[in-house]
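Structure at a glance
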Amino acid sequence: MYRTPRLFLFAAPLAAVPGRAVAAGMPQLNFHDPLLIGQVVWGAVIFGGFYLALSRFALPRVERVLTSRRTRIQSDLDIARKAKAEADRASAELLSARHEAAEQARAHVERIQNEARASADAHAAETAKRLEAEIANAETRITQSREQALSSLSEIATSTTQDLVSRLIGTQDEQTVASAVKRVSA
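Below you will find a few notes about this structure. Predicted model only: the values in this text are computed from it and were never measured.

1. Examining the overall build of the protein chain
- The helix and strand tally for the protein chain stands at four helices and zero strands.
- In sequence order, the secondary structure elements of the protein chain are arranged as α-α-α-α.
- By the burial criterion, 4% of the 186 residues in the protein chain qualify as buried.
- A sequence separation of at least 24 residues applies to 25% of the contacts in the protein chain between residues at least 6 apart.
- If you sum the accessible surface of the protein chain, you get close to 16,000 Å²; carbon and sulfur atoms cover 63% of it.

Encoded structure:
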């Protein structure tokens, strides 16, 4: 009954309205009229009845609905805050994992590049060594072929000269031709 004294606070000034208001042409405030008192009493009874009905039955239901909505909204907000916190944490973990994966990929690529460089350098060194060996072998064969060609040059020159002399002159003097070729080549 906390709200009941307020009703009397509003009704008290109406009862204390001066009689001048009646004299000024306000018959609705003439409290000496028995009809007015009946209307005021029945109005107060109806108002009290509505007040009691609303305060005991309708307003508690409205309050329950408002409380249930407030509770549901608060729980939904709590769930949303938790979901947002989880989403932020998952996003942070994703960014961290992405950063770590990028670092691992960068390190992996760098390692592969270094291995490829080392392999290419080793292959180049091996190829250079093989080519040097082949060049040295070829130079040795060229030197041998040149020495062989130079050593057989006197025999070829002697043989060719004998063939030419025998065709031109018709005689073959091998001793003379060989000594002449030796003199010229020396």
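Once you've had a look at it, read on.
2. Some thoughts on the pattern of salt bridges
- Inspection of the entire model under this criterion finds six salt bridges.
- Between Arg81 and Asp78 there is a salt bridge whose closest N-O contact spans 3.2 Å. Highlighted residues: Arg81 and Asp78, both in helix α3 (residues 34–168), separated by three residues, approximately one helical turn.
- Relative accessible area serves as the criterion here: at 33%, Asp78 is assigned to the partly exposed category.
- Here Arg111 makes a salt bridge to Glu115, at a shortest N to O gap of 3.1 Å. One end of the pair is Arg111 and the other is Glu115, both in helix α3 and four residues apart, which spans about a single turn.
- Overall, the relative accessible area of 39% leaves Arg111 in the partly exposed class.

3. Details of a nonpolar patch on the surface
- Nonpolar side chains collect at one region of the surface, where Ile37, Val41, Trp42, Val45, Ile46, Phe50, Leu54, Leu59, Val62 and Leu66 lie side by side and expose about 960 Å² of accessible area between them.
- Structurally, Ile46 can be placed in helix α3.
- By relative accessible area, Ile46 is classed as partly exposed at 47%.

4. Focus on α3
- Helix geometry: α3 is bent most strongly at Leu54, by close to 45°.
- Within α3, the full set of buried residues consists of Leu36, Gly48, Thr158 and Gln162.
- On the buried face of α3, the contacting elements are α4 (174–185).
- Positioned one or two residues after α3, Gly170 has a phi angle of 95°, which is positive.

5. Details of the packing of α3 against α4
- Two numbers describe how α3 lies on α4: the axes approach to 9 Å, and their chain directions differ by 130°. When the interaxial angle is binned, α3 and α4 end up oblique. In the crossing of α3 with α4, the sense of the turn from one axis to the other is right-handed. Two secondary-structure elements touch here, α3 through Ser154, Ala157, Thr158, Thr161, Gln162 and Val165 and α4 through Glu174, Val177, Ala178 and Val181.
- Each residue belonging to the contact of α3 with α4 can be placed in one class, and the counts come to five nonpolar, four polar and one charged.

Procedures and definitions
Residues numbered from 1 in each chain as written. Predicted model: local features only at pLDDT ≥ 70, side-chain atom pairs only at ≥ 80, totals over all residues. Heavy atoms only, no water. Helix = DSSP H or I, 4+ residues; strand = E, 2+ residues; numbered from the N terminus. Buried < 20%, exposed > 50% of the residue type's maximum accessible area, 1.4 Å probe, protein only. Contact = heavy atoms within 4.5 Å. Areas by Shrake-Rupley, 256 points an atom, 1.4 Å probe, with all protein chains shown as cover. Salt bridge = Lys/Arg side-chain N within 4 Å of Asp/Glu carboxyl O. Patch = residues over 30% accessible without salt bridge, like charges linked within 9 Å, V, L, I, M, F, W, Y side chains within 5 Å. Bend = angle between axes of the 7 residues up to and from the residue. Axes fitted to C-alpha atoms, helices over the stretch in contact; angles between N-to-C directions. Parallel < 35°, antiparallel > 145°, perpendicular 65-115°, else oblique. Left-handed = near helix turned anticlockwise from the far one by under 90°. Nonpolar A, V, L, I, M, F, W, Y, C, P; charged D, E, K, R; others polar.

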